[in-house]
Amino acid sequence: MKTESPGLVKNIRDPLYGFITINKMELDIISAPEVQRLRRVAHLGLSDAVYPSATHSRFEHSLGVMHLVGELAKSLSLPEDTIQAYRIAGLLHDVGHSPFSHALEKVIEERLGFEHERQSERIIKELEDLYTPDAEFVIDIIRGDSSYNIVAGAIDADRLDYLQRDSLRTGFQNSSVDVRTIVKFAQTHEDQVVFDKKAVQAIEDMFSARLRMMKTIAGHHATCIAEAMLRRAVNDFLDSTSYTAEDILTWDDYQLHTRLLEYEGHENIPRKGDGRLYTRIVNRNLYKRALYVNENSIGRETISEIASEYDNPTSIEEQIATAAGVSPQHVIVDLPSLPDDESTHVRIMMPDGVQAFSDISPIPSHLVDVGWRNTTLGVYSPKSDNSAVQEAARDYFGV
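As the structure is a computational prediction, the values presented were derived from the model and not from experiment. (Residues numbered from 1 in each chain as written. Predicted model: local features only at pLDDT ≥ 70, side-chain atom pairs only at ≥ 80, totals over all residues. Heavy atoms only, no water.)

Draft legend 1. Molecular detail of the layout of surface pockets. Estimated volume of the second largest pocket: approximately 410 Å³. Looking at the second largest pocket, it is lined by 21 residues, and the ones nearest its centre are G45, L46, D48, F100 and D253. Within the residue set of the lining of the second largest pocket, elements represented by two or more residues are α13 (253-265) and α14 (277-282). Partitioned by chemical class, the residues of the lining of the second largest pocket number 11 nonpolar, 5 polar and 5 charged. (1 Å grid on protein atoms, 1.4 Å probe; cavity = no way out; pocket = protein on both sides within 12 Å on 5 of 7 lines; lining within 4 Å. Points joined across faces, edges and corners; volume = space filled by probe spheres on them. Helix = DSSP H or I, 4+ residues; strand = E, 2+ residues; numbered from the N terminus. Nonpolar A, V, L, I, M, F, W, Y, C, P; charged D, E, K, R; others polar.)

Draft legend 2. Focus on the nonpolar core. Of all hydrophobic cores here, the largest spans 71 residues; its most connected members are Y131, F195 and I203. Counting residues per element, this core draws most heavily on helix α10 (residues 200-218), which supplies 9 residues. Residues contacting F195, with those up to four places away along its chain left out, are I155, I182, F185, A186, I203, V346, R347, I348 and M349. Formed by 33 residues, the second largest nonpolar core is a distinct cluster that contains F114, L238, Y263 and Y380. (Core = buried A, V, L, I, M, F, W, Y, C linked by side-chain atoms within 4.5 Å. Buried < 20%, exposed > 50% of the residue type's maximum accessible area, 1.4 Å probe, protein only. Contact = heavy atoms within 4.5 Å.)

Draft legend 3. Region of the structure containing the packing of helix α3 (residues 58-75) against helix α8 (residues 157-170). Contact pair α3 / α8: the axes reach a minimum separation of 8 Å and the direction vectors enclose 135 degrees. Looking at the two axes, α3 sits oblique to α8. Helix-helix and strand crossings are classified by hand; for α3 and α8 the assignment is right-handed. Each of E60, H61, G64, V65, L68, V69 and L72 in α3 lies in contact with α8, whose residues at this interface are A157, D158, L160, D161, Y162, Q164, R165 and R169. Its residues assigned to classes, the contact of α3 with α8 shows 7 nonpolar, 3 polar and 5 charged. (Axes fitted to C-alpha atoms, helices over the stretch in contact; angles between N-to-C directions. Parallel < 35°, antiparallel > 145°, perpendicular 65-115°, else oblique. Left-handed = near helix turned anticlockwise from the far one by under 90°.)

Draft legend 4. Region of the structure containing the sheet that holds strand β3 (residues 186-189). Ordered by their spatial adjacency, 4 strands build an open sheet running β3-β4-β7-β8, and the pairing between neighbours is mixed. With one partner strand each, in any of the chains shown, β3 and β8 (353-356) form the two edges of the open sheet. The sheet shows a mean angle of 45 degrees between the axes of neighbouring strands, taken without regard to direction. In this sheet, strand β4 (residues 192-196) lies alongside β3 in antiparallel orientation, the contact comprising 4 bridges. Within β4, the position partnered with A186 by the bridge is F195. (Pairing = 2+ DSSP bridges.)

Draft legend 5. Structural detail: empty space enclosed by the protein. Inspection of the entire model under this criterion finds 2 cavities of 30 Å³ or more. In this structure, the largest cavity occupies an estimated 50 Å³ of space. Lining of the largest cavity is provided by H97, S98, E105, I108, E109, F114, E115, H116 and L249. Per-element accounting of the lining of the largest cavity gives the leading share, 3 residues, to helix α5 (residues 105-112). Here the lining of the largest cavity is composed, by residue class, of 3 nonpolar, 3 polar and 3 charged.

Draft legend 6. Highlighting the confidence of the model for the chain. With 94% of its residues at a pLDDT of at least 70, the chain reaches an overall mean of 90. Within the chain, no element has a lower average pLDDT than helix α19 (residues 363-373), which sits at 81, and none a higher one than helix α2 (residues 33-36), at 98. (pLDDT = per-residue confidence, 0-100.)

Draft legend 7. Structural view of the environment of I12. One can find I12 in strand β1 (residues 8-14). By relative accessible area, which is 21% here, I12 ends up partly exposed. Sequence separation between I12 and P328 is 316 residues; the distance between their C-alpha atoms is 49 Å.

Draft legend 8. A look at the pattern of salt bridges. Under the criterion given, the structure shown has 18 salt bridges. The shortest N-O distance in the salt bridge between E136 and K125 comes to 3.5 Å. You can see E136 sitting in helix α7 (residues 135-143) and its partner K125 sitting in helix α6 (residues 116-126), a full 11 residues away along the chain. When the shortest N-O distance is used, the salt bridge between R300 and D369 registers 3.3 Å. (Salt bridge = Lys/Arg side-chain N within 4 Å of Asp/Glu carboxyl O.)

Draft legend 9. Seen up close, the side chain of D334. By secondary structure assignment, the location of D334 is in strand β6 (residues 332-334). A polar contact of 3.5 Å, which involves the side chain of D334, links it to the side chain of R231. A distance of 3.2 Å separates polar atoms of two side chains, one belonging to D334 and the other to Y380. Contact partners of D334, with chain neighbours within four places excluded, come to K106, C224, R231, T376, L377, G378 and Y380. (Polar contact = N/O pair within 3.5 Å; in protein donor to acceptor, adjacent residues only side chain to side chain.)

Draft legend 10. Quick look at the sheet that holds strand β9 (residues 376-381). Taken together, the 3 strands give an open sheet; going across it, the order is β5-β9-β6, and neighbouring strands pair in antiparallel fashion. For this open sheet the edge positions go to β5 (288-294) and β6, each flanked by a neighbour on one side alone. Each strand axis lies, on average, 10 degrees off the axis of its neighbour in the sheet, ignoring direction. As paired strands, β6 and β9 are joined by 3 bridges and run antiparallel to one another. Counted as the bridge partner of V333 is V379 from β9.

Draft legend 11. Summary view of the side chain of T375. Within the fold, T375 resides in the loop between α19 and β9. Under the relative-accessibility criterion, T375 is labelled buried at 3%. Within the local environment of T375, its side chain forms a polar contact with the backbone oxygen of G371, the two atoms lying 2.9 Å apart. Setting aside anything within four residues of it in sequence, one finds T375 in contact with V293, N294, E295, I303, P336, S337, L338 and P339.

This is the structure in structure tokens:
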């Protein structure tokens with residue numbers, strides 16, 4: 001483990017913060033191949049299918065989180081050595097992300113039984129000779145198990161950075177966030193993070209911006225279709241080759257991209273069905289919406305029942321394909337995920353004491369309602385099969 005003083009050594013220009021200052025210890029971590037890999041992992045997965053400029057990387061986001069968590073830690077008046085630990089946690093919080101970021105999380109979790117965070121923890125331990133803070137403390141920070149959840153909380157450096165960065169890269173400037181106000185009025189109370197009442201408007205705007213961006217960026221139907229096609233393509237690839245999900249976790253976007261194209265075009269690798277899904281993604285020849293319904297069209301109770309009762313998309317796809325008389329490769333089911341109420345976990349310092357954000361603002365209950373309206377069941381197929389698949393899907397789900 002390192003023992004020398006970190007020492008300030010370098011400034012990195014960032015489009016959001018001007019310059020991010022890093023010390024020798026942080027530079028050593030940044031220079032590690034495991035961190036450099038993040039330069040080649042797209043932060044927004046396949047969102048560039050809709051927003052061509054959304055090609056920024058997990059690497060630049062990680063630098064931004066390191067910077068912001070340091071600012072938050074200073075606002076909380078934490079000791080210098082603790083601030084250093086939080087900055088390293090911010091830098092490494094995404095180091096285990098799979099290629100194409102969140103697009104493949106379901107595949108990894110289903111095949112390995114864990115999310116990318118465990119891969120991040122493994123790498124953090126492997127790199128511990130590069131930094132002085134205790135590796136387990138760094139991991140606790142990332143898990144949200146430290147005293148101050150400013151890397152993994154309802155309002156944290158991770159979210160504050162990506163809301164700004166994604167807004168900038170996609171052109172949604174109306175979703176900008178007043179980060180300076182939120183950081184300035186962060187404070188501690190009974191070993192927990194609270195925010196002064198002066199930050200309430202900025203916090204309301206932050207949560208509103210997050211929902212708008214989830215709907216228009218990550219939740220855009222074309223992005224959802226492209227990422228559902230990617231998951232099917234990767235599962236097909238893993239089922240038909242000797243590669244494993246563990247292998248994919250160590251790759252970047254370019255490596256997976258190359259192997260998927262080789263797989264779909266290589267004569268010696270047996271194909272299951274007639275779909276070359278990843279090739280279609282690359283050429284933006286995406287499947288279309290055969291069925292795309294949410295609370296507005298089928299009601300909250302029905303969408304909730306679908307989310308709770310159905311958990312095997314492959315079986316559903318096969319049954320819908322059989323009923324529609326099409327190849328199973330031509331049906332992709334994207335099951336809904338129910339919203340949560342994480343915004344209510346924010347604590348606000350009022351003149352008469354600390355109160356829950358939900359007790360002083362209508363925004364949390366409104367956000368839950370909007371989250372429900374954005375909860376969608378999608379069934380996708382090639383345009384030529386849309387009518388038959390739509391009829392079969394409606395019969396299957398009873399909608």
